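# Coordinates in review
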Amino acid sequence: MNIRVQGAIVIGAGPVGLFCVFTLGMANIPCHVVDALPELGGQCAALYPEKPIYDIPAQPFILGADLVERLAEQARPFEPVYHLNQQANRLTRLDDGFWRVETSQGLTLEAPAVVIAAGAGAFGPKRPPLEGLEGYEGHSVHYLVKRAADFQGLRVAIAGGGDSAVDWAILLAGVAAKVWLIHRRPQFRAHAGSVEKLMSLVAEGKIELAAPGQLAGLEGDGRQLSAVIVDDL
Ligand SMILES: Cc1cc2nc3c(=O)[nH]c(=O)nc-3n(C[C@H](O)[C@H](O)[C@H](O)COP(=O)(O)OP(=O)(O)OC[C@H]3O[C@@H](n4cnc5c(N)ncnc54)[C@H](O)[C@@H]3O)c2cc1C
């Protein structure tokens, strides 16, 4: 399908892309929005919908999913057209000055302006090179915590040292039966406030650190994990 519009094409329906739709709408510029994910909200929706966010102006506290809903609501009056589940994989300047965006689903959009609000890019999990990993994926190996309740009462080992790993460890400390955080270095790359909170939960015995350590193997029946092996570094 080929669509030519007198507006803008926004690549990325994360928080920035959604707010662009609002800002452009205020200037009477309608938008077509392309995103590789099946839903709006970028990292907020895909990676941490239940995480509390504290650094949004005039919003002392809001969950990731609620922030996305508010941004979508703010953009809605300008009637954006969303093209989800498709990656923009080619951008071309045409002779008449328009931009052409081609997507992985065969859609072609042409418009006088393109906004690239691609954030962290069209992201997917970084899969560790562990034997038998595929069999556990989707059963007891997960790459994100979408609903904390899914981990209720479980023993959870989280591998990573950035914002995602630290935030999820904090989130699950009150939900899971036990939380380990495995990281290759003793220092964490998350926000200072999150690291402080992490360390206080470690001191309270609610999270156990395996750092510096590296995820080295999986044990179980091929679908359900019974243990993870961590090498000391
Ligand atoms: C666990 C975690 C917790 C966080 N907590 C906070 C917090 O408390 N406070 C805070 O301010 N920030 C936080 N962040 C960071 C925040 O989520 C990002 O800064 C924010 O999402 C950036 O928004 P964005 O719209 O620029 O990009 P993204 O959210 O990355 O969205 C970009 C969108 O573009 C799409 N896209 C990219 N390339 C293409 C393509 N070629 N074709 C189609 N679609 C494409 C992606 O699919 C994605 O939906 C956190 C991040 C994580 C991972």
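Residues numbered from 1 in each chain as written. Predicted model: local features only at pLDDT ≥ 70, side-chain atom pairs only at ≥ 80, totals over all residues. Heavy atoms only, no water.

### A closer look at the packing of aromatic side chains
Inclusion rule: Aromatic pairing here means that ring centres of Phe, Tyr or Trp (its six-membered ring) are within 6.5 Å. Orientation follows from the plane angle: under 30 degrees is stacked, over 60 is edge-to-face, and everything else is tilted. Placement of a positive charge over a ring is assigned whenever Lys NZ or Arg CZ falls within 6 Å of the ring centre and within 35 degrees of the normal to the ring plane.
This model, assessed by the stated rule, comprises 3 aromatic pairs. Through successive ring pairs, a cluster of aromatic residues spans F19, F22 and F78. We note R4 situated over the ring of F98; from NZ or CZ to the ring centre the distance is 4.1 Å. Residue placement shows K51 over the ring face of Y48; its charged tip is 5.3 Å from the ring centre.

### So, the sheet that holds strand β11 (residues 155–159)
This is how the line gets drawn: Strands are treated as partners if at least two bridges between them are detected by DSSP. Segments assigned H or I by DSSP are reported as helices when at least four residues long, segments assigned E as strands when at least two residues long, and all are numbered from the N terminus. Note on geometry: axes are C-alpha line fits, over the in-contact stretch for helices, and angles between N-to-C directions span 0 to 180 degrees. Contact definition: two residues touch when any of their heavy atoms are within 4.5 Å.
The strand order β11-β12-β13 describes an open sheet built from 3 strands, whose pairing is parallel. A strand with exactly one partner marks an edge of an open sheet, and here the two such strands are β11 and β13 (207–210). Ignoring which end each strand starts from, the neighbouring axes of this sheet average 20° apart. For strand β12 (residues 178–182) and β13, the ladder comprises 4 bridges, and the chain directions are parallel. Following the sheet pairing, W180 is matched in β13 by E208. Along the sheet, helix α6 (residues 192–203) makes contact with β12 and β13, crossing β13 at roughly 105°.

### Description of the nonpolar core
If you look at soluble globular proteins, the nonpolar side chains tend to sit buried side by side. Which entries qualify depends on this criterion: We define a nonpolar core as any set of buried Ala, Val, Leu, Ile, Met, Phe, Trp, Tyr and Cys residues linked to one another through side-chain atoms lying within 4.5 Å. A simple rule labels every residue: compare its accessible area, found with a 1.4 Å probe on the protein chains alone, to the largest value its type can have, and call it buried under 20%, exposed over 50%, or partly exposed in between. Boundaries of every domain are those given by an automatic assignment or by a domain database.
Among the nonpolar cores identified, the biggest contains 24 residues, and I158, A169, L172, V179, L181, L198 and I207 are the most heavily contacted of them. Ranked by the residues each element gives to this core, the list is headed by helix α5 (residues 163–173), at 6 residues. Composition of this core by domain shows at least three residues from each of domain 1 (2–116) and domain 2 (133–232). With residues near it in sequence (within four places) discarded, I207 still touches A169, I170, A173, V179, L181, L198, L201 and V202. Formed by 19 residues, the second largest nonpolar core is a distinct cluster that contains V10, V21, L40 and I62.

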